[in-house]
Amino acid sequence: DSGVTQTPKHLITATGQRVTLRCSPRSGDLSVYWYQQSLDQGLQFLIQYYNGEERAKGNILERFSAQQFPDLHSELNLSSLELGDSALYFCASSVAGARQETQYFGPGTRLLVL
Amino acid sequence: GIQVEQSPPDLILQEGANSTLRCNFSDSVNNLQWFHQNPWGQLINLFYIPSGTKQNGRLSATTVATERYSLLYISSSQTTDSGVYFCAGLETSGSRLTFGEGTQLTVNP
């Protein structure tokens, strides 16, 4: 158990809908990262937050947004869902978001868009 | 960004065999991690190893940063070692991990 929690574990929804994925980092970690794992794109970085502020952005679609709250949990919002958004979404956390740190991954949320 | 290449893409072993997985990266990295993704999809941290050698039970890893590669050794493999092994590097100027495509390991009883 990495100490990073994600809810829900599974999500099934329809095209055009909106969902919210939730992540709680390890106790004491200030930085949260979101990654997407899909069959055709592999594991890709989406976005990073540090202590409530966006720090880095990767291949995140405009239909997707995220935020980190004062209690450090983070939410990833996916809207106008398409079939291709079906994927495993991981949240990771690290202490300070520094480069020389281990990123610990949560169990993931498996999203299926029908 | 950096490129991360893993080999072999697939590996099938008999229980008890040893194996070496390789990860090459295109540029200097500040951070290199190895993960095991089990059949349930969980990504499990194995090593944080930007340089040098580490051992954890039957697993060990070596990174030669100057030559831009890392190796993961699995000894006396067990069926529970099956899954996909990923390496991921973090470039010196960024904070995102770039993952390789993984090595799919199957250990047969």
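Residues numbered from 1 in each chain as written. Chains lettered and ligands numbered in written order. Predicted model: local features only at pLDDT ≥ 70, side-chain atom pairs only at ≥ 80, totals over all residues. Heavy atoms only, no water.

### Here we look at the sheet that holds strand β8 (residues 69-74) of chain B
Remark on secondary structure: sheet strands pair via backbone hydrogen bonds, oriented parallel or antiparallel. Residues and elements named next belong to chain B. If you walk across this open sheet you meet the five strands as β1-β3-β8-β7-β6, and the pairing is antiparallel. Of all strands in the sheet, those with a lone pairing partner are β1 (4-7) and β6 (52-56), marking the two edges. The sheet shows a mean angle of 15° between the axes of neighbouring strands, direction not considered. (Pairing = 2+ DSSP bridges. Helix = DSSP H or I, 4+ residues; strand = E, 2+ residues; numbered from the N terminus. Axes fitted to C-alpha atoms, helices over the stretch in contact; angles between N-to-C directions.)

### Regarding the interface of chain B and chain A
Interfaces are frequently sized by the accessible area removed from exposure as the parts join. With 21 residues of chain B at the contact, the number on the chain A side is 21 residues. Buried area between chain B and chain A, summed over both chains or domains, comes out near 1700 Å², and the portion from carbon and sulfur atoms is 50%. Contact with chain A buries area across many residues of chain B, yet Leu43, Ser95 and Arg96 of chain B alone supply 31% of it, more than any other trio. Counting the contacts that link chain B with chain A gives zero salt bridges. Our count for the contact surface shared by chain B and chain A stands at six residue pairs in polar contact (both at pLDDT 80 or more). Counting residues per element, the ones that place at least two in the side of chain B that touches chain A are β4 (29-37), β5 (43-48), β9 (83-91) and β10 (97-99) of chain B. Per element, the largest residue contribution to the side of chain B that touches chain A is five residues, and it comes from β4 of chain B. Each residue belonging to the side of chain B that touches chain A can be placed in one class, and the counts come to eight nonpolar, eleven polar and two charged. (Contact = heavy atoms within 4.5 Å. Buried area = accessible area lost by both parts, 1.4 Å probe. Salt bridge = Lys/Arg side-chain N within 4 Å of Asp/Glu carboxyl O. Polar contact = N/O pair within 3.5 Å; in protein donor to acceptor, adjacent residues only side chain to side chain. Nonpolar A, V, L, I, M, F, W, Y, C, P; charged D, E, K, R; others polar.)

### Concerning the state of the cysteines
Using the criterion set out here, one finds two disulfides over all chains in the structure. Two residues share a disulfide in this structure: Cys23 of chain A and Cys91 of chain A, whose sulfurs sit 1.8 Å from each other. Its S-S torsion of about -50° marks the bond between Cys23 of chain A and Cys91 of chain A as left-handed, since a negative value means left-handed. On the criterion of sequence distance, the pair formed by Cys23 of chain A in strand β3 (residues 19-24) and Cys91 of chain A in strand β9 (residues 87-94) is long-range, its members being 68 residues apart. Here Cys23 of chain A and Cys91 of chain A have matching classes, each one buried. Each disulfide pairs two cysteine sulfurs, and for Cys23 of chain B the partner residue is Cys87 of chain B, the sulfurs being separated by 1.9 Å. Between Cys23 of chain B and Cys87 of chain B, the disulfide has an S-S torsion of 75° and is therefore right-handed. Placement of the pair is Cys23 of chain B in strand β3 (residues 19-25) and Cys87 of chain B in strand β9, with a sequence separation of 64 residues. (Disulfide = S-S within 2.5 Å. Buried < 20%, exposed > 50% of the residue type's maximum accessible area, 1.4 Å probe, protein only.)

### Quick word on a nonpolar patch on the surface
All names here are of chain A. A surface patch of nonpolar side chains, about 310 Å² in accessible area, is lined by Ile12, Leu112 and Leu114. Looking at the element boundaries, Leu112 is found in strand β11 (residues 109-113). Overall, the relative accessible area of 39% leaves Leu112 in the partly exposed class. (Patch = residues over 30% accessible without salt bridge, like charges linked within 9 Å, V, L, I, M, F, W, Y side chains within 5 Å. Areas by Shrake-Rupley, 256 points an atom, 1.4 Å probe, with all protein chains shown as cover.)

### Points about unusual backbone geometry
Across the junction of Thr7 of chain A and Pro8 of chain A, the peptide omega takes the value -10°, indicating a cis bond. Following the sequence through the fold, Pro8 of chain A ends up in the loop between β1 (5-7) and β2 (10-13). At the junction of Ser7 of chain B and Pro8 of chain B, the peptide bond is cis and its omega measures out at -10° in the coordinates. Structurally, Pro8 of chain B is set in the loop between β1 and β2 (10-14). Although it is not a glycine, Asn51 of chain A sits at a positive phi angle of roughly 50°. For Ser80 of chain A, which is not glycine, the phi torsion reads 45° and is therefore positive. For Ser80 of chain A, the location among the structural elements is in the loop between β8 (74-78) and β9.

### Points about the sheet that holds β1 of chain A
Residues and elements named next belong to chain A. Strand order across the open sheet formed by four strands is β1-β3-β8-β7, with antiparallel pairing between neighbours. Of all the strands in the sheet, the pair left with one neighbour each is β1 and β7 (64-68). Ignoring which end each strand starts from, the neighbouring axes of this sheet average 15° apart. Of the strand pairs in this sheet, β3 and β8 are connected by five bridges, and their pairing is antiparallel. When the bridges of β8 are listed, Leu21 appears paired with Leu76.

### Re the pairing of β1 of chain B
All names here are of chain B. Here β1 shows one buried face, formed by Val4 and Gln6, and one open face, formed by Glu5 and Ser7. Here four bridges tie β1 to β3, and the two strands are oriented antiparallel to one another. Paired with Val4 across the bridge in β3 is Phe25.

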